[in-house]
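So the chains spell out like this:
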Amino acid sequence: MGLLRRLLQLIVTVVAVTFFSALLLQLLPGDPVEVLAPFSSEEQRDVIREDLGLDDPFVVRYAGWLGGFVTGDMGNYYTVSSKRPVSDRVADALPISLQLMIYSQLISLAFAIPVGVYAAARKGRIFDKFSNATAFAMLAIPNFALALLLQYFLGVKWQLFPTSGYTKITEDPSMHFQQMVLPCVTLAVGQFAVYMRLLRSDMIATLQQDFILLAKSKGMSSRRILFRHALRPSSLTLLTVAGLSVGTLIGGALIVEVLFQIPGMGLMLAEAIATRQMVAFQSLIAIVAILYVLVNFGVDLLYSALDPRIRHDRTR
Amino acid sequence: MPSIHGFDMTEHVDPDPEHTEAETRGVGLAPSVIGTAEAVGVAIGDTVPEDPEGKPDAKGKIGIGGWLAISWLGLILALALLAPVLPLHDPLEQFSGLASSGPQTGHPLGTDALGRDMLSRVIWGSRASLAIGLGAITFGMLIGGFLGLVTGFFKGRVDAIVTPLMSLLLAIPQFVLALSLVTVLAASADVSDTRRILVVILGLGITTIPILGRITRANTFSWSEREFVTAAEAVGARKWRIMIRSVLPNVFPAMLSIAMLGVGLAMIAEGGLSVFGVGVQLPQPSWGNIIAEGRNQLRRAPHIVIFTSVVLFLTVLALNFLGDVISKRFDVREGQL
């Protein structure tokens, strides 16, 4: 029942979000065709107008879009002389953005988990205070500023990493990773700070529980206690937040993709907004929303797998 | 409540997650800084076992850091307000032959790509950035706060209609929402400078409505179950009066602490919008657009980006710090009782 209800929620959400974005675009003044194809002839415009259903009432147009989207037709990208299916470009752009986000998540978690665990274990000591203060400061760094500062110091000044561009991993793995370092670090810094602080406070709470005392009195090594016994029950909130931060990551990825010239969904969305490709825009927003809701759906499933107690706790 | 993520985080709410020094499970309000106010919801939604070693006396002190933060913000605010009477160069005046040059006499922060004085641009830019930060959050507080208060207090039908709508807005990543709103709104307004700032304020303000609404609702929810509310009802006080006079003052600190973070967030978001060219329009300076424009000069004149970034960073840091102090000081934890 739960699963079915969630699926229904997913569908309602996606429909509502896209309807909302369609409505928003409806508010744009002026003739959209003028923007899409400024130098086109009257006949060409009529074709585009017909194609977009601009003469239809709003609701009809939206229904048409939804029907297409469900069957994989995401509409077209219009240029002066041609049109190209949005789905073509999404197929190229989506994996790139996903790579960017997955790498960033991995980097931030790879640092946040050990630092958070260690800080909690040494609560109040220098390492804890230092890492906590650093994380707090990291939260105040604007991502676009960080991107530029990294580009300048690590890219231009010390020439450690390339400052822009994207290479496919299949073409040149070494170049691929080199180019991904700066954008991923940019995104990872903020996430690291959130995760680390969260895990630290969760760990501190867990470490006060009786079963930890029991483990200690059995003479287990503290490393084993920390990573085998305490980490798992402490990682639940972290997991939730990691799921929810996908929203932040998407926003960050947008900016980072522009600053580092990475041809992902962000660059595409920006282009769609700038050139008022409403159908494309709507499709892209829908994909982003679905992605976001799906990730959180998955996190919720993982949740009960990680902690059997949850099933009882959450049925309240 | 058909919450999008399926978590109903509002049932058991600790309005102040970091109420004692270190032991609480929430990360405090920290995650919202980059835009995950949803994460704040999660952080806030956790109740925490008490730490026996916790030192409750440490909370609520402003401390050295707090005073530093207040001084910094005071300085920035004073400079922003006094900019017209300060002995500064015109932020639009171009000094020929001085393009992209570093700090020197007469131009302590150097000049930008067009030879405009950076100190003056940063100070004048603070006006736009602060106006946007404060304006957007005030807007969000008024509308989101009102909706949150009403839905959390009256529950029932209002709640059933408004809350899903707010959750819906949260299903779009915030920056994407802000970017779309500002793009659309800016296209309809003819772009004079002041108008443009209003458009950015409106776009970012709308984005913050569901966040502030959700947090206010969660807090109102737990406060409205308290005895003094029942008591007020028993003596026959009108519902609205109870909501405004009894519940709101208790919910306000949590709203304020989120709002502090929100101001910083909105200022950062304006910079993000500037990267897409839809923030405050050049030549009028804002911290965001100075940095975004400065990226073209990164090789020749990195000081443009570096100085402005440091100022923006310190300001956001100060706001976050004070938000943290507020949330510790107004320990609203008894709300759980």
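Note that the structure is a prediction, hence the values are computed from the model and not measured.

**Notes on the overall build of chain A**
In step 1: Helix and strand counts for chain A stand at 15 helices and two strands.
In step 2: Residues classed as buried in chain A amount to 53% of the 316 residues present.
In step 3: Within chain A, residue pairs in contact and separated by at least 24 positions form 73% of the contacts whose partners lie at least 6 positions apart.

**What to know about the pattern of salt bridges**
All names here are of chain B.
In step 1: For the structure shown, the criterion picks out nine salt bridges over all chains.
In step 2: Between D159 and R217 there is a salt bridge, and its shortest N-O distance comes to 2.9 Å. Placement of D159 in helix 4 (residues 156-170) and of R217 in helix 6 (residues 193-223) is noted, with a sequence separation of 58 residues between them. Note on accessibility: D159 and R217 belong to one class, buried.
In step 3: Linking E233 and K239 is a salt bridge whose minimum nitrogen-to-oxygen distance equals 3.3 Å.
In step 4: Its relative accessible area of 35% is what places E233 among the partly exposed residues.

**Here we look at the packing of helix 2 (residues 63-82) of chain B against helix 3 (residues 118-154) of chain B**
All names here are of chain B.
In step 1: The interhelical angle for the contact between helix 2 and helix 3, taken along N-to-C directions, is 105°, at an axis separation of 8 Å. With respect to their mutual orientation, helix 2 and helix 3 come out roughly perpendicular. Residues I76, L77, L79, A80 and L81 of helix 2 form the contact with helix 3, whose own contacting residues are I123, S126, R127 and L130.
In step 2: A class-by-class count of the residues in the contact of helix 2 with helix 3 yields seven nonpolar, one polar and one charged.

**Considering the packing of helix 8 (residues 173-206) of chain A against helix 11 (residues 236-244) of chain A**
Residue and element names in this part refer to chain A.
In step 1: Contact geometry of helix 8 with helix 11 gives a least axis separation of 9 Å together with a crossing angle of 160°. Classified by the angle between their axes, helix 8 and helix 11 sit roughly antiparallel to one another. In the packing of helix 8 onto helix 11, the handedness of the crossing is right-handed. Residues V194, Y195, L198, L199 and D202 of helix 8 pack against T237, L238, V241 and A242 of helix 11.

**Some remarks on helix 4 (residues 58-70) of chain A**
Residue and element names in this part refer to chain A.
In step 1: Taking 1.5 Å per residue as the helical rise, helix 4 with its 13 residues ought to reach 18 Å, and the 18 Å between its terminal C-alpha atoms agrees with that figure.
In step 2: Within helix 4 the residues assigned to the buried category are F58, R61, Y62, W65, G68 and F69. The arc enclosing the buried residues of helix 4, seen along the axis, measures out at 125°, which places them on a common side. Within helix 4, the exposed residues directed more than 90 degrees away from the buried face are V59 and V70.

**Structural notes on the side chain of S274 of chain B**
All names here are of chain B.
In step 1: Note that S274 resides in helix 8 (residues 239-275).
In step 2: Engagement of the side chain of S274 in a polar contact is seen with the backbone nitrogen of N289, the distance being 3.5 Å.
In step 3: What S274 contacts, discounting residues up to four positions off in sequence, is G279, V280, S286, G288, N289 and A292.

**What to know about the environment of G116 of chain A**
All names here are of chain A.
In step 1: Checked against the element boundaries, G116 lands in helix 5 (residues 86-121).
In step 2: Overall, G116 belongs to the buried group, its relative accessible area being 0%.
In step 3: In sequence terms G116 and R5 are 111 residues apart; their C-alpha atoms lie 36 Å from each other.
In step 4: Aside from chain neighbours lying at most four places away, what touches G116 is M196, L199 and R200.

**Quick word on the confidence of the model for chain B**
Residues and elements named next belong to chain B.
In step 1: The share of residues in chain B with pLDDT of 70 or more is 78%, and the mean pLDDT across the chain is 77.
In step 2: Counting contacts from residues 1-57, a segment whose pLDDT is below 50, to residues more than four positions away or on other chains yields 169 contacts.
In step 3: Per-residue pLDDT stays below 50 along residues 332-337; that stretch engages in 17 contacts with residues further than four places along the chain or on separate chains.

**Structural notes on the packing of aromatic side chains**
All names here are of chain B.
In step 1: Using the criterion set out here, one finds 11 aromatic pairs over all chains in the structure.
In step 2: Ring geometry for F153 against F154: centres 5.1 Å apart, planes inclined by 85°, an arrangement best described as edge-to-face.
In step 3: Residue class for F154 comes out partly exposed when judged on its relative accessible area of 28%.
In step 4: Here the aromatic cluster, defined as three or more aromatic residues joined through ring pairs, consists of F146, F153, F154 and W240.

**What to know about a nonpolar patch on the surface**
Residue and element names in this part refer to chain B.
In step 1: Taken together, L77, L81, L82, V85 and L134 make up a surface patch of nonpolar side chains, about 500 Å² in accessible area.
In step 2: Sort the elements by how many residues they give to the nonpolar patch and helix 2 lands first, with three residues.
In step 3: Mapped onto the secondary structure, L77 falls in helix 2.
In step 4: Judged by its relative accessible area of 42%, L77 is partly exposed.

**Quick notes on the nonpolar core**
A general feature of soluble globular proteins is that nonpolar side chains tend to end up buried together.
In step 1: One finds F144 of chain A together with L204 and F276 of chain B to be the most contacted residues of the largest nonpolar core, which totals 137 residues.
In step 2: By residue number, the principal contributor to this core is helix 8 of chain B, which donates 15 residues.
In step 3: Ignoring anything within four residues of it in the chain, the contact list for L204 of chain B reads I132, A136, A178, A266, A269, E270 and L273 of chain B.
In step 4: One finds V117, A120, V194 and A215 of chain A within the second-largest nonpolar core, a separate group that totals 25 residues.

**Quick word on unusual backbone geometry**
In step 1: In this structure, Q261 of chain A takes a positive phi of about 55° despite not being glycine.
In step 2: If you trace the backbone, Q261 of chain A turns up in the loop between helix 12 (246-259) and helix 13 (265-274).
In step 3: Classification of Q261 of chain A as partly exposed rests on a relative accessible area of 46%.
In step 4: One non-glycine residue, K155 of chain B, lies in the positive phi region at around 50°.
In step 5: Along the chain, K155 of chain B falls in the loop between helix 3 and helix 4.
In step 6: For K155 of chain B, a relative accessible area of 23% translates into the label partly exposed.

Rules used in this analysis
- Residues numbered from 1 in each chain as written.
- Chains lettered and ligands numbered in written order.
- Predicted model: local features only at pLDDT ≥ 70, side-chain atom pairs only at ≥ 80, totals over all residues.
- Heavy atoms only, no water.
- Helix = DSSP H or I, 4+ residues; strand = E, 2+ residues; numbered from the N terminus.
- Buried < 20%, exposed > 50% of the residue type's maximum accessible area, 1.4 Å probe, protein only.
- Contact = heavy atoms within 4.5 Å.
- Salt bridge = Lys/Arg side-chain N within 4 Å of Asp/Glu carboxyl O.
- Axes fitted to C-alpha atoms, helices over the stretch in contact; angles between N-to-C directions.
- Parallel < 35°, antiparallel > 145°, perpendicular 65-115°, else oblique.
- Nonpolar A, V, L, I, M, F, W, Y, C, P; charged D, E, K, R; others polar.
- Left-handed = near helix turned anticlockwise from the far one by under 90°.
- Expected span 1.5 Å × (residues − 1).
- Arc of directions from axis to C-beta.
- Polar contact = N/O pair within 3.5 Å; in protein donor to acceptor, adjacent residues only side chain to side chain.
- pLDDT = per-residue confidence, 0-100.
- Phe/Tyr/Trp six-rings, centres within 6.5 Å; stacked < 30°, edge-to-face > 60°.
- Patch = residues over 30% accessible without salt bridge, like charges linked within 9 Å, V, L, I, M, F, W, Y side chains within 5 Å.
- Areas by Shrake-Rupley, 256 points an atom, 1.4 Å probe, with all protein chains shown as cover.
- Core = buried A, V, L, I, M, F, W, Y, C linked by side-chain atoms within 4.5 Å.

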